[in-house]
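# Topology and contacts: notes
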Amino acid sequence: MKNLSVIIPIYNEIDNLGQLINRLVDVLESFCNRYELIFIDDHSSDGSFGFLQSASIRNSNIRIYLKEGKKGKAYSLLEGIERALFDVIGMIDGDLQYPPEAIKEMFSKIYNQEAEIVIANRTYRQTTKSRTFLSRVFKSIFGHFVFGINHDIQSGLKVFSKKVFYNLQLSPTKWGFDYEFVYKAVRMKWRVSSVDIDFPERKFGESKVRPFQTALELFSGALVLRTRYLARSFFKFIDYPHHSERSPYNFSNEHDFLFLPEIHSAKRHIYAESVSFFLLTLTVAIGFFYVVSNLTGIPAFVILSALIAAFYLLFMLFKVFIVYLAIRYNPEIKISDEEALAIPEGELPIYTILIPLYREEGVINQISAAMGSINYPTDKLDITITLEEYDHPTINAISEAGLPSHFKTLILPDVKPKTKPKALNVAFLQVSGEFLVIYDAEIIPEPLQLRRAFLAFKKNQDIACLQTKLDHYNPKQSLVTRLFNSEFSFHYDYFMPGLQKLGVPLPLSGHSTHFRTEMISQIGAWDPYNVTEDCDMGIRLARIGQKTGILDSTSQEEATADFKSWVLQRTRWMKGFIQTSIVHMRHPFRFTKEIGGLKNLLGFLLIVPGSVLINVINFIYWIVFLVWIFFQPAFIQELFPRPILYISVFSFVLGNFIFTYLNLLATYKRGRYDLVKYNLLSFIYWIMLAVATTRAVIEIFIKPHHWEKTVHGTHLANGRTFAFRKFFRMKQ
Amino acid sequence: MKKIANYWQEIVVACLAFVTSSCMAWWLFVNNLLTILADQIAHLIFARLTTDSLTPGITQLGSWPPLLHVLMIPASMNDFLFQSGLAGFATLVPIFVIGTVYLYRLVFRLTNTRLFALVAVIIYLLNPYVLYYSATPMMEVLLLSVSFALSFHFLRWLQDDKLYDLIIAGGLVSVAAVSRYEGLLLLPVVGFLALIILLVRREKYLKIEALAFIFGIPAVMGVLYLMTYSWIFVGHPLGFAGVGAETNWVVANITPEGFTAPPAWKALLHASFYMMSRPLVYMGLLCGILTVLVARRRFELYSVLVILIVPLLAVALNMLRWENSVVVSEFSPWNDFHNVRYALTWIGFVAVAIATFLASAYSSYRSYLFRGVIICITCLILSINVIFSYQVIVTNRFAVIKMDRSASDRSTESNIIKYLKYNAIDGGYILSTRFNNDKYFLDTNLPLRSFIYEGNYQYFDIALNKPWLYAEWVIMTRPGSISQQQFFDPVTELWAKDENFLKYYHIVASDTETDLYELDTELVLSDAQYSGLEPEAIANFPRNRQIWTEQELEKLK
């Protein structure tokens, strides 16, 4: 459809209006299906508004508005664009110096998708010499030289797609709309084309342009803009929005089911933003070490050692504070059984359950039983199981199991990436529930969980997401499961509630997390390239100001039972943490602003990249510790002069004690008395963590998007095990 | 404000404790009684050495229970507080206040009567020795406060079964262990009590096991610390408990012949009379026995009383060895005292036993006459306490402490201190053992970095080898003196009769059993020149107060 909105900002143009309207109507009616003329009157004193009112009575396509905002052409245009109904917008001055007839050709370029912005290039000028001179100077110096745009960027006649304005973030001066608009659009990678026009002398009325005053404003504004962007070109991490954000979420992308702008995805890790931030940080760090080392005479590596010791201490204190908050305030949302059961069935909304499956043929019956145990009307359950089309064993197992009718299966298109979040994104396009929850194959949710979640959402309208607690049903399978279970006890009973109380972003879990479905739309669903899409999701929710609550309801899952599976799974988690850190720190200042300030930034840094960093440092320090024990080389002694040694030893001894003890308490709190003693072996688990994290750091370079499948159902398997499994497994 | 108002009684008790302790500190300061015991000076110096020493840091804390030293570090860094001894008061007064509030809450929880909770507090606060040790750098009040807190949390765990209290109790057991040696016995005793309670409650084995870990881990931290420290710095994990070469030597050479436990325990009983007054001790024992027999919630009371008497039991058990001998004038040929303060460790038991018994009796019979009698007895006890305090403070002026073997008269300055004060200001190092010489460290007002002592390990070892190259001054126990017979002074042992030493040093000041030697600098320099040794290579002579570097030490060897 050839629909066009034309915006005409006017101020005391009564003598030109009649002819302008006639010429515009003639040309627009010649090619448009529908059109509208939007006049924004900047409080004219010559009766222009009255003239337009009578014109609008004769022609219903004419819409007139008295300016509401600040005085000036730029603000009139912005008001007009806001009011435009059609997807293609034209803008033209009211002085008739620009020929309306050119709009037809300009529109056709947009219509034929040759460009998103078409500018009328003024080639023949009949204005005053001074204005012609200034225009040419502006065009050549600023257009060509400064902005690098070979078009008449200050031209008052333009036709463009309305979508160009999405996320453009204009803040023009009185006359500075044109160059800012064109320049920012070009930076967002919108295509610009032009059409040559004559630019005759004004016939009626007076020009509002005071050549030197206006030129000064234009020059200064353009210089400021360019300088700002010049800095942004060097420091890309302060330059946002990124051009991939020029359109809203693309939910129709079936190429890889990435709905997010690429800058918010882990699809590509290396961006100029990350590199520039990394280089700047590195430069500052080197400068810091150089200056401090010179001023104090302390070797740089000792300063580094001191910083690491301080980081350790800070990390430890942060975690202890978090646990204190959890114990002191216990911010979990509690819904009693009575409350949950008292909800009338008619009041319950449709609830979507997504179950992404891949090579899970062994647990199909368990899924069926687990879903069957959920206390929720089946006609209000929208259960979707996603399957890979080549995963025949699971597809066959599902066919054989004969799942109830309220289960839907969805065969995923064979496109990359082959990840769980991609499966979720595909399924998300078909969900019908008001709320949504993801359950992994091996999950056994608490039967009243959906009812509790619904009531919790109802009672807490400000909460977009509910994280339930996780526990294992096979904690006694091996030493690994015992330690894993202790970690979960601490994480879900102390750490997550503490984080919630502190108000910092929560790294969500991959399953048993409940969402308001509309919120998933608002954040562009999952990032199919992030291997811990859950953590990323929590951070993105926080970025749009949404809250996450902890629901006191526990889902049971299977703990990875052997060392190898555990390391593979944890490597993926840690790799995802690295991906999430990289993605969100592409624009650190913007991130700080969006996430809610420095406190939340610090929280994020400590929780997400901090967890990775502490594990890697742990790995190095464990080695240093062992080397010291056995060889006592002098360089290690030099690394730890007395105050640093004290802080390090304090953190080491107290930190180990505190976290071992907290794990122990968390295990006790969950009533797993028999596991309490195993927490004394927590240090083994931390070494395992260090190994997995180091592996993740290596893998992020080698195979960043590789999704290491966690094998489920080992607790159901009987028979032979590998020798190392035997080593880790203990008698139940 | 409303929350604060709910605790008005506790606030009153805290104010009472603060005021009484402060008054005592002022009185002791005015009368020059803050640092008369060798241990008081030693504690001060331990704390100060962590920041002011040739080898500052954790190594200076010593193998004694370190809590007081650690807590006193900030106050001891202030010259006035350190030299006056008020660092002890500044450190202990908040602990004393908290301890007193815990005592109040403990008795209130046991008796549910505010009046008798206050009686226990008054018995405690009226004791002159409690106040004395709350104002001077000693560990007694620290342990008392910790044991009150421990009793309270243990009792609350017993009554309310909250895990939090058990964890705190575990932590306090550790704190007790690093407060005083007597606190070490709390670990097995409280652990045993907790086990009995769980068995009585018929808890499952796995839960008992889990709780054992939850209580046990924080509870053993104190002992673990002491053992680790001793292992690293003393060379034997039980070095802190007197197991090691040095102690064995002392036991072999110094333990009095014919020493047996029963007379020692008798001395301990008499020491209790000195510390708390005879009537109060008898009253405490009587009330303790009667209360245990008639109390309603017996097990709770047993537990509290056991915890409170554990430190005394620890002293009594220690008396099976030589080092904790308590001496009272009745049994001493020299009419002196020693370690009488150990008997103060069970004042908590006495106060709680009396208060709970009186409260129990008061609430058992509603007759006005009976209650009047109880009130009269209470007043009588308190009056006895007042009289006792008056005698100790005003009449005797803490004679028991002043007559202690390790006490020294601080009113007159020693010749060595006088000499060093005016002559050792040029930065020359002073070689001295700390054992028996701590008063010189404190009273000379010199930076402790000037002293080379056994805690400076490599510096001391090297300086002891050739003192004239490193020390301008040497403080030495006089050969043949009682101190030298009792305590081993390696400086005396090595150099007292050495010709080389006497060639370079000459005595410049003397006290009763100690001599101060000054170096003949000119002679050392000329001899050094003769041997081709540069003066700069001699550690004592570059008077710039630089700590010797590893390289220098190596060179000097």
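Residues numbered from 1 in each chain as written. Chains lettered and ligands numbered in written order. Predicted model: local features only at pLDDT ≥ 70, side-chain atom pairs only at ≥ 80, totals over all residues. Heavy atoms only, no water.

Residues and elements named next belong to chain A. Here the bond from tyrosine 240 into proline 241 is cis, since omega is 5°, no more than 30 degrees from zero. Assignment of secondary structure puts proline 241 in the loop between helix 7 (211-234) and helix 8 (272-296). The amide bond that connects lysine 416 to the next residue, proline 417, takes the cis arrangement and shows omega of 0°. Along the chain, proline 417 falls in the loop between strand 10 (407-412) and helix 13 (420-428). With a phi close to 65°, leucine 96 is a non-glycine residue in the positive phi region. With respect to the helices, strands and loops of the structure, leucine 96 is situated in the loop between strand 4 (88-91) and helix 4 (102-111). Positive phi, close to 60°, is recorded for serine 512, a residue that is not glycine. As for its position among the elements, serine 512 is in the loop between helix 15 (479-502) and strand 13 (513-516). Serine 512 gets classed as buried once you look at its relative accessible area, which sits at 0%. (Helix = DSSP H or I, 4+ residues; strand = E, 2+ residues; numbered from the N terminus. Buried < 20%, exposed > 50% of the residue type's maximum accessible area, 1.4 Å probe, protein only.)

All names here are of chain A. Checked against the element boundaries, isoleucine 119 lands in strand 5 (residues 117-125). Relative accessible area serves as the criterion here: at 0%, isoleucine 119 is assigned to the buried category. Spatially, the C-alpha atoms of isoleucine 119 and glutamine 154 are 9.2 Å apart, while their sequence positions differ by 35 residues. Setting aside anything within four residues of it in sequence, one finds isoleucine 119 in contact with Met106, His151, Asp152, Ser155, Leu157, Lys158, Val182, Val192, Ser193, Ser194 and Val195. (Contact = heavy atoms within 4.5 Å.)

Quick look at the nonpolar core now. Of all hydrophobic cores here, the largest spans 118 residues; its most connected members are Leu436(A), Leu499(A), Phe515(A), Trp526(A), Trp566(A) and Phe154(B). Tallying contributions element by element places helix 15 of chain A first for this core, with twelve residues. Listed in part, the 91 residues of the second largest apolar core include Phe116(B), Leu268(B), Leu305(B) and Ile381(B). (Core = buried A, V, L, I, M, F, W, Y, C linked by side-chain atoms within 4.5 Å.)

We now examine the interface of chain A and chain B. Counting from both sides, the interface comprises 13 residues of chain A and, opposite them, 17 residues of chain B. Summed over both sides, the interface between chain A and chain B buries roughly 1,300 Å², with carbon and sulfur atoms accounting for 76% of that surface. The largest contributions to the chain A side of the interface with chain B come from Tyr661(A), Tyr668(A) and Tyr673(A), which together make up 38% of the buried area. Lys677(A) is paired through a salt bridge with Glu209(B); the nearest N and O atoms lie 2.7 Å apart. At the surface where chain A touches chain B, the tally comes to three residue pairs in polar contact (both at pLDDT 80 or more). Considering each element in turn, the side of chain A that touches chain B owes the most residues, seven residues, to helix 23 (residues 642-669) of chain A. Taken together, the residues of the side of chain A that touches chain B break down into nine nonpolar, no polar and four charged. (Buried area = accessible area lost by both parts, 1.4 Å probe. Salt bridge = Lys/Arg side-chain N within 4 Å of Asp/Glu carboxyl O. Polar contact = N/O pair within 3.5 Å; in protein donor to acceptor, adjacent residues only side chain to side chain. Nonpolar A, V, L, I, M, F, W, Y, C, P; charged D, E, K, R; others polar.)

Here we come to the sheet that holds strand 5 (residues 514-519) of chain B. Either a parallel or an antiparallel arrangement is found when strands of a sheet pair, and the pairing is made through backbone hydrogen bonds. Residues and elements named next belong to chain B. One open sheet holds the five strands; their spatial order is 2-1-3-5-4, and the pairing between them is mixed. At either end of the open sheet lies a strand with only one pairing partner, and these are strand 2 (451-452) and strand 4 (505-510). Two strands pair when backbone bridges link them, and strand 1 (residues 430-431) and strand 2 are joined in this way by two bridges, in the parallel orientation. What sits directly across from isoleucine 430, in strand 2, is phenylalanine 451. (Pairing = 2+ DSSP bridges.)

A word on the packing of helix 4 (residues 67-76) of chain B against helix 6 (residues 86-111) of chain B. All names here are of chain B. Contact geometry of helix 4 with helix 6 gives a least axis separation of 8 Å together with a crossing angle of 120°. Compared by their axis directions, helix 4 and helix 6 come out oblique. Remark: the crossing between helix 4 and helix 6 carries right-handed chirality. Residues Leu68, Leu71, Met72, Ala75 and Ser76 of helix 4 lie in contact with helix 6, whose contacting residues are Ala87, Gly88, Ala90, Thr91, Leu92 and Ile95. Residue composition of the contact of helix 4 with helix 6, by class: eight nonpolar, three polar and no charged. (Axes fitted to C-alpha atoms, helices over the stretch in contact; angles between N-to-C directions. Parallel < 35°, antiparallel > 145°, perpendicular 65-115°, else oblique. Left-handed = near helix turned anticlockwise from the far one by under 90°.)

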